[in-house]
Amino acid sequence: MSEDGDLERERRAAATEWVAKLSRTSIDTDQLQAFFAWRRDPANRRVWDAMEAGRKRVDRFVVRPETERFKVIDIWTGETAIIASTPQQHMSEEDALHMARLLNRSVKDGDRSVRR
């Protein structure tokens, strides 16, 4: 394979790693600055933009395992989702997935509020 093809594959791999890092509920300032520095390179920016265009919209509410149960996390805040003053935690996986789907559907329908 050509050197250009290898470099392109490396850029795609780096972009994929950045997606994973940026999807975590917590990321420090140094990591964000490193991402912005990486993305300033025009070739990296091209790969990043192409990858972003192809990605589906990320759900705001995700299910995370606890010790033996599951909880619903709001990725905007990194906190456990709260509905009617009740933290959405210590749930069965089925219940947590159901609640995350309901919350994400609500957000997609235009409700941008944080559930309380």
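Just so it is clear, the structure is predicted and the values come from calculations on it, not from any experiment.

Colleague: Lay out the sheet that holds strand S2 (residues 70–74) in plain terms, naming residues and giving numbers.
Modeller: Remark on secondary structure: sheet strands pair via backbone hydrogen bonds, oriented parallel or antiparallel. One open sheet accounts for 3 strands, arranged S1-S2-S3; its pairing is antiparallel. Two strands close off the open sheet at either side, each with one partner strand: strand S1 (61–65) and strand S3 (79–80). Here S2 pairs with S3 via 2 bridges, running antiparallel. Across the sheet, Asp 74 pairs through a bridge with Glu 79, a residue of S3. Lying over the sheet, helix H4 (residues 93–108) contacts S1 and S2, oriented at roughly 160° with respect to S1.

Colleague: For the packing of aromatic side chains, give the residues involved together with the corresponding values.
Modeller: Scanning the entire structure with this criterion turns up 5 aromatic pairs. Ring geometry for Phe 35 against Phe 36: centres 5.4 Å apart, planes inclined by 55°, an arrangement best described as tilted. Among the residues examined, Phe 36 registers a relative accessible area of 37% and is labelled partly exposed. Each ring, one from Trp 38 and one from Trp 48, has its centre 6.3 Å from the other, and the planes form 85°; the classification is edge-to-face. Placement of the pair is Trp 38 in helix H2 (residues 29–40) and Trp 48 in helix H3 (residues 42–54), with a sequence separation of 10 residues. You can call Trp 48 buried: its relative accessible area is 8%. Among the aromatic residues, those joined into a cluster by ring pairs are Trp 18, Phe 35, Phe 36, Trp 38 and Trp 48.

Colleague: Summarise the pattern of salt bridges; cite the residues concerned and give the values.
Modeller: Tallying each qualifying case throughout the model produces 5 salt bridges. Between Arg 46 and Glu 8 there is a salt bridge, and its shortest N-O distance comes to 3.1 Å. Linking Arg 46 in helix H3 with Glu 8 in helix H1 (residues 3–22), this pair joins segments that are 38 residues apart in sequence. Arg 46 gets classed as partly exposed once you look at its relative accessible area, which sits at 47%. Since its relative accessible area comes to 23%, Glu 8 is described here as partly exposed.

Here is what the cut-offs are and how they apply
Sequence order sets the numbering: in each chain, residues are counted from 1 along the sequence as written. Confidence filtering applies because this is a predicted model: local features only for residues at pLDDT of at least 70, side-chain atom pairs given and counted only at 80 or more, and all residues used for totals across whole chains, interfaces and linings. Side-chain numbers here rest on the full set of heavy atoms in the structure, without hydrogens or water. At least two DSSP bridges between two strands are required for those strands to pair. Counting from the N terminus, the helices are DSSP H or I runs at least four residues long and the strands are E runs at least two residues long. By definition, residues are in contact when any of their heavy atoms lie within 4.5 Å. For helices, the fitted line uses only the C-alpha atoms of the stretch in contact; every axis is such a line through C-alpha atoms, and the angle between N-to-C directions lies from 0 to 180 degrees. Working definition: a ring pair exists when centres of Phe, Tyr or Trp rings (six-membered ring for Trp) sit within 6.5 Å. Plane angles under 30 degrees give stacked, over 60 give edge-to-face, the rest tilted. Throughout, exposure labels follow a simple rule: accessible area from a 1.4 Å probe, protein chains only, divided by the maximum for the residue type, with under 20% read as buried, over 50% as exposed, and the rest as partly exposed. The rule for a salt bridge is simple: a side-chain nitrogen of Lys or Arg has to be within 4 Å of a carboxyl oxygen of Asp or Glu.

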